[in-house]
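Now for the letters of each chain:
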Amino acid sequence: MAATLAPPGDLRRLLPGLGMSAAFLGPLVKPLPEGELFCPDALRDDPALGNMVDDGLIAWAGEVGIYQGRLEKLRSYGFGRYMMLAHPAVDDPDRLLAATKCLVAEWAADDYYVDEVELGSDPMVVGSRLARLMSVVDPAAMVPRYAADMDAYHRLQPISEAFRTAMEHLARYASTAQIGRFQHQMAILFLAWCQEADWHANRRTPPVWEYLVQRHLNSYLPPMILVDVLAGYELSAHEFYHPEVRRAYTTAANAAVLVNDIHSAPSESDNDYNLPKVLAQAESLTPKDAMRRTVEIHNELMHTFVELAAQLSVTGSPNLRRFLADIWAWTGGSRRWHATTGRYQRS
């Protein structure tokens with residue numbers, strides 16, 4: 001199994017025996033004009049493996065019916081490459097495809113239900129759509145008389161089929177507990193999308209603190225917490241749900257999703273929400289200064305993650321040390337993808 005990426009300083013010292021080969025602190029991808037991100041770069045870039053995963057992704061997307069007429073555009077985003085970069089310890093394309101399907105199902109639900117009017121998004125029905133979708137993610141207990149009606153509805157919904165089949169694929173590798181934590185995190189994500197729909201429906205830009213609460217709920221945790229699933233081990237529920245452990249990886253996920261804000265902001269429409277936009281309005285900042293402040297907030301979060309992970313690694317299990325190292329590596333792969341994907345282009 002490939003080595004995972006070593007975090008810097010004390011955290012690297014406190015994670016012995018994992019065969020870590022390198023630590024990347026510098027911006028090995030194109031530096032941001034707004035300032036340097038405190039974040040690793042990707043440990044591994046295997047284009048052939050990424051392309052193989054993307055081939056499987058496009059075939060699956062065609063089968064379930066998401067992004068009809070846009071499959072070449074979907075391919076250009078390189079979501080299979082994303083998971084290849086984010087999981088450097090995993091060489092199995094089928095495991096990476098399982099994670100990629102889950103990621104793209106989440107992304108498609110966001111596009112179809114929350115963000116893109118061209119795909120049918122409507123803030124007035126986000127809550128009901130997501131509640132119905134949750135009955136696929138966490139199957140609803142239903143009496144037979146009405147189960148057929150529910151099943152008939154979902155068969156006509158490409159997003160429902162995407163989640164159903166993606167989770168079936170994930171279940172080949174995930175334990176019952178690991179599936180349960182994914183379901184839990186998806187419920188939190190859907191709640192966050194309802195909050196965003198409220199902003200759209202009421203044409204309200206939230207204050208910075210509320211936006212950061214939403215980003216805490218709407219972070220990269222659903223794909224990030226699959227690091228042990230894909231790598232073939234399992235962090236115990238006792239450690240996974242420990243408040244300090246959860247604080248550590250949620251902090252990393254919050255930072256990672258701000259990388260999305262940094263790269264997507266220049267290409268988003270005027271009615272989209274991102275941290276630079278919210279900061280600019282709330283604190284009367286120029287776009288450049290708002291982007292610089294976003295980088296600073298990201299870096300504060302990542303430094304906090306490193307401090308927490310170092311503390312937890314002193315007394316935690318070997319699997320916890322491995323999990324934290326894999327989270328660090330995931331942030332680096334995610335950072336590389338955001339800087340290079342066809343989905344976001346900086347002028």
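Further up the page is the structure itself.
Now for a quick tour of the structure. From a predicted model like this one, the values you see are computed outputs, not experimental measurements.

## Some remarks on a nonpolar patch on the surface
Where nonpolar side chains cluster on the molecular surface, the patch consists of Met142, Val143 and Tyr146 and spans about 280 Å² of accessible area. Among the secondary structure elements, Val143 is positioned in the loop between α6 (126–137) and α7 (144–155).

## Things to note about the packing of helix α14 (residues 243–264) against helix α16 (residues 287–315)
Orientation of α14 relative to α16, taken along the N-to-C sense of each, is 155 degrees, at an axis distance of 9 Å. Here α14 is positioned roughly antiparallel relative to α16, judged by the angle of their axes. α14 and α16 meet at a crossing whose hand is left-handed. On the side of α14, the interface is formed by Glu244, Val245, Arg247, Ala248, Thr251, Ala252, Asn254, Ala255, Leu258, Val259 and Ile262, while α16 contributes Met291, Thr294, Val295, Ile297, His298, Leu301, Met302, Thr304, Phe305, Leu308 and Leu312. Looking at the contact of α14 with α16 residue by residue, the class counts come to 15 nonpolar, five polar and two charged.

## Looking at the nonpolar core
If you look at the biggest cluster of nonpolar residues, it comprises 95 residues, and the most contacted ones within it are Trp60, Ile66, Phe79, Tyr82 and Phe163. Top element by residues in this core is helix α5 (residues 93–115). It accounts for 13 residues. Setting aside residues no more than four positions away along its own chain, Ile66 makes contact with Trp60, Ala61, Leu71, Val104, Ala108, Tyr112, Pro158, Ile159 and Ala162. Counting ten residues, the second-largest nonpolar core is a separate cluster that includes Trp199, Tyr211, Val278 and Ile297.

## Quick notes on the pattern of salt bridges
Scanning all chains against the criterion turns up 18 salt bridges. For Arg75, the salt bridge goes to Asp55, with nearest N and O atoms at 2.8 Å. In this pair, Arg75 is assigned in helix α3 (residues 71–77) and Asp55 in helix α2 (residues 47–64), connecting sequence segments 20 residues apart. In this structure Arg75 comes out as partly exposed when scored by relative accessible area, which is 31%. In this structure Asp55 comes out as partly exposed when scored by relative accessible area, which is 42%. One connected set of salt bridges, linked through shared partners, spans Asp41, Asp45, Arg81 and Arg336.

## Describing the packing of α5 against α6
Viewed as axis vectors pointing N to C, α5 and α6 meet at an angle of 150 degrees, and their least axial separation amounts to 10 Å. In terms of orientation, α5 and α6 fall into the roughly antiparallel class. Contacts between α5 and α6 involve Ala109, Tyr112, Tyr113 and Val114 from the first element and Val126, Arg129, Leu130 and Leu133 from the second. Residues belonging to the contact of α5 with α6 are distributed by class as follows: seven nonpolar, no polar and one charged.

## Remarks on the side chain of Gln185
Mapping Gln185 onto the fold places it in helix α9 (residues 176–202). By relative accessible area, which is 2% here, Gln185 ends up buried. Setting aside residues up to four positions removed in sequence, Gln185 forms contacts with Leu221, Pro222, Ile225 and Arg246.

What counts, and where the lines are drawn
- Residues numbered from 1 in each chain as written.
- Predicted model: local features only at pLDDT ≥ 70, side-chain atom pairs only at ≥ 80, totals over all residues.
- Heavy atoms only, no water.
- Patch = residues over 30% accessible without salt bridge, like charges linked within 9 Å, V, L, I, M, F, W, Y side chains within 5 Å.
- Areas by Shrake-Rupley, 256 points an atom, 1.4 Å probe, with all protein chains shown as cover.
- Salt bridge = Lys/Arg side-chain N within 4 Å of Asp/Glu carboxyl O.
- Helix = DSSP H or I, 4+ residues; strand = E, 2+ residues; numbered from the N terminus.
- Axes fitted to C-alpha atoms, helices over the stretch in contact; angles between N-to-C directions.
- Parallel < 35°, antiparallel > 145°, perpendicular 65-115°, else oblique.
- Left-handed = near helix turned anticlockwise from the far one by under 90°.
- Contact = heavy atoms within 4.5 Å.
- Nonpolar A, V, L, I, M, F, W, Y, C, P; charged D, E, K, R; others polar.
- Core = buried A, V, L, I, M, F, W, Y, C linked by side-chain atoms within 4.5 Å.
- Buried < 20%, exposed > 50% of the residue type's maximum accessible area, 1.4 Å probe, protein only.

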